[in-house]
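# Structural features, examined
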Amino acid sequence: MSEKGTRWRPLELLSAYLPAALSVLLGACLYITFSVGQWRSLYVPSWDLAIFTEAAKSYSHFQAPIVPVKGPGYNLLGDHFHPILVLLGPIYRFFPSGLTLLVVQDLLIAVSAWPLVRLATKQAGWLLASIIGIGYVTAWGFQGAVASQFHEIAFALPMLAWASAAFVEGRWVATMAWSAPLVLVKEDLGLTIMMIGLILSWRGRDSIKSFAYPLFFAAFGVIAFVVTIKLLLPAFNASGTWAYSLDGSQGRGNVTLIERALWPSQKFGVIAMAVLGAGIIGLASPWFWVILPTIAWRFLGSVDYYWDWKHWHYNAILVPILLGALLDAHRRWSEREQSDISRGLGWVISRQRPFVATVALAIPCAAALITAPQLPMWKMTNPGFGAVSPRMAQVEEINSLIPENANVETDLTLLAYLIPDHEVYWVGSAKGVAVDYVVVDQRGAAWGDQKNVEAVSYAQGAHPGSTYKLIYNSGGFQVAQRVN
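Overview of the structure. (Residues numbered from 1 in each chain as written. Predicted model: local features only at pLDDT ≥ 70, side-chain atom pairs only at ≥ 80, totals over all residues. Heavy atoms only, no water.)

## Considerations on empty space enclosed by the protein
Our working definition: Cavities and pockets were defined on a 1 Å grid built over protein atoms only: a cavity is a set of grid points that admits a 1.4 Å probe from which the probe cannot escape, a pocket is an open set flanked by protein on both sides within 12 Å along at least five of seven lines, and lining residues are those with an atom within 4 Å of any such point. Grid points are joined across faces, edges and corners, and a volume is the space filled by probe spheres set on the points. By definition, any uninterrupted DSSP run of H or I lasting at least four residues is a helix, any uninterrupted run of E lasting at least two residues is a strand, and each is numbered from the N terminus. When residues are sorted by character, Ala, Val, Leu, Ile, Met, Phe, Trp, Tyr, Cys and Pro go into the nonpolar class, Asp, Glu, Lys and Arg into the charged class, and all the rest, Gly among them, into the polar class.
Applying the stated criterion across every chain yields a total of three cavities of 30 Å³ or more. Counted as a void, the largest cavity has a volume near 160 Å³. Residue lining of the largest cavity: 15 residues in total, with G135, A139, W140, G277 and P364 positioned closest to the centre. Those elements that place two or more of their residues in the lining of the largest cavity are α6 (126-137), α13 (267-277), α15 (318-334) and α18 (363-371). Across the lining of the largest cavity, the residue classes tally to 13 nonpolar, two polar and no charged. Reported here for the second largest cavity is a volume of approximately 80 Å³. If you trace the second largest cavity, you find it lined by H151, I153, K186, D188, L189, T294, W297, H313, Y314 and I317.

Below you can see the structure in the form of structure tokens.
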């Protein structure tokens, strides 16, 4: 190698890896800052974080994931099938806090940027790859997931990111290897594996070997899904059934399948963001249809927040798939290959393809920029975001007041905060349990229109035959202790 070549080698390496590294760093810093701000401000959007914190606590002691928040002796593997959460155990053992789970999720999201931004760097250069990385880590689906706090789908994101990159590069075995563990993340992802197998088979249809092996992989996904919902989940569920149904007809009258899938119009927001997330041209890639099983169960379901594009965690799993589809279409368009993309967008003449493909790479970032004020991370621009809640002092006092390992029933606000040192029940889930302490947040959203709920009154009404006395009343929090 010449002296000049040797001198430029570090610069080449820097440009090759810097966009991916900066994307990971940006994602980690952004989301960890947001999560810490949530935690310090006592913002609690749902009971999910408490549920998964109890599961991590059990795993950290090599025990089954029993979650009292959902009921006495409730095994979380009978709710959704996510044995991969056992990986949280060792981490929680060293850092026993609900905040630990939030940081783990933030890091999983950030790390998923690495393979896709590295691939973008190879295909489009460091500048465009940097833009892609910014759009990816600030994507709508990730913001909603972080704002709604921890969920098991976080573990699927790196898998899907590496699988997407492998698909674009034509590495079928690697694509299947990265996708296979999805069956350990959530039961419906077996159907995602099925779709991946079918797509690989279609892409490799010119070779008997490349056509047949992915079909076996697709069959594996279907079998895993059926076995999970018919055998594994009922075995762990106290009622002996799968706790969730794909029937979306409830409360929607006599409607056709297509009407169920497309109505109400709220669903169009998800569709629009998916199209933009794929840079529009990504629709020409068969990889785009990997999102179909996730979209199908959400749109055919009867729960309205499944259809939202701004909030919750349901869109996060789409983001790496969509960028993979965009990069796949970009590679083919930039090489002026006609194949299947020309059938979908035949009006673009061949000489325009490289230009259109290059412009398309910036679309997800532009979408992220335009929609930013409507998404959760925009709250970080508010003055005082992340400041410690004045009520955090009461949280610490309550934690120290209640003896370690005592069982506690509480509402939404302090669920995750009390779990590390206590056995915690959600209000109403402790039926048949002689609860030692009841903690009530009189300002909490869990009580709806009820105002100034008294801890003693609630405790004695919820647990007939037990007598409670008030031992703490400060900052809107009350603690009642059982005395008999």
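## Some thoughts on the nonpolar core
Heads up, the rule is: Nonpolar cores are built from buried Ala, Val, Leu, Ile, Met, Phe, Trp, Tyr and Cys residues. Side-chain atoms within 4.5 Å join them into one set. Burial here depends on accessible area, computed with a 1.4 Å probe over protein chains only, as a share of the maximum for the residue type. Under 20% is buried, over 50% is exposed, and the range in between is partly exposed. Residue contacts are counted whenever heavy atoms from the two residues lie within 4.5 Å of one another.
Membership of the largest hydrophobic core comes to 128 residues, with the highest contact counts inside it found for Y136, W140, F142, F150, F155 and I398. Of the residues forming this core, the biggest block, ten residues, is contributed by α15. Beyond its immediate stretch of four places on either side in the chain, W140 contacts V270, M273, A274, W309, N315, L318, L322 and L375. Core analysis: the next-biggest nonpolar cluster, separate from the first, contains 14 residues, Y425, V433, V438 and V440 among them.

## Things to note about the packing of aromatic side chains
Rule in force here: Two rings from Phe, Tyr or Trp (for Trp, the six-membered ring) form a pair when their centres are within 6.5 Å of each other. A pair whose planes differ by under 30 degrees is stacked, one over 60 is edge-to-face, and the rest are tilted. Geometrically, a charge over a ring is one whose NZ (Lys) or CZ (Arg) sits within 6 Å of the ring centre while staying within 35 degrees of the ring normal.
Following the criterion strictly, the structure yields 16 aromatic pairs and no others. For the pair Y306 and Y314, a centre-to-centre distance of 5.0 Å together with 65° between the ring planes defines the contact as edge-to-face. An identical accessibility class is assigned to Y306 and Y314; each is buried. A centroid spacing of 5.4 Å and a plane angle of 70° characterise the contact between W447 and Y458, whose relative ring orientation is edge-to-face. Of this pair, W447 sits in the loop between β3 (437-441) and α21 (455-462) while Y458 sits in helix α21, and the two are eleven residues apart along the sequence. Looking at W447, the relative accessible area reads 9%, which means it is buried. Classification of Y458 as buried rests on a relative accessible area of 18%. An aromatic cluster is defined as three or more aromatic residues linked by ring pairs; in this entry it consists of F167, W172 and W287. Geometry around W307 places K267 over its ring, the cationic atom sitting 4.6 Å from the centre. The cationic tip of R391 hangs over the ring face of F477; the distance from NZ or CZ to the ring centre is 4.0 Å.

## Examining the sheet that holds strand β5 (residues 477-482)
Within a sheet, each strand pairs with its neighbour through backbone hydrogen bonds, oriented either parallel or antiparallel. In plain terms, the rule: Two strands form a pair only when DSSP identifies at least two bridges running between them. Between the N-to-C directions of two axes lies an angle of 0 to 180 degrees, each axis being a line fitted to C-alpha atoms and, for a helix, fitted only over the stretch in contact.
Ordered by their spatial adjacency, five strands build an open sheet running β2-β1-β3-β5-β4, and the pairing between neighbours is mixed. Lying at the two open borders of the sheet, with one neighbouring strand each, are β2 (423-426) and β4 (468-474). Going across the sheet, the axis of each strand differs from the next one's by a mean of 25°, ignoring polarity. Pairing of strand β1 (residues 407-410) with β3 involves three bridges; the strand directions are parallel. Of the residues in β3, the one forming a bridge with E409 is V438. Across the sheet, α21 lies against β1, β3, β4 and β5, angled at about 145° from β4, the strand it touches most.

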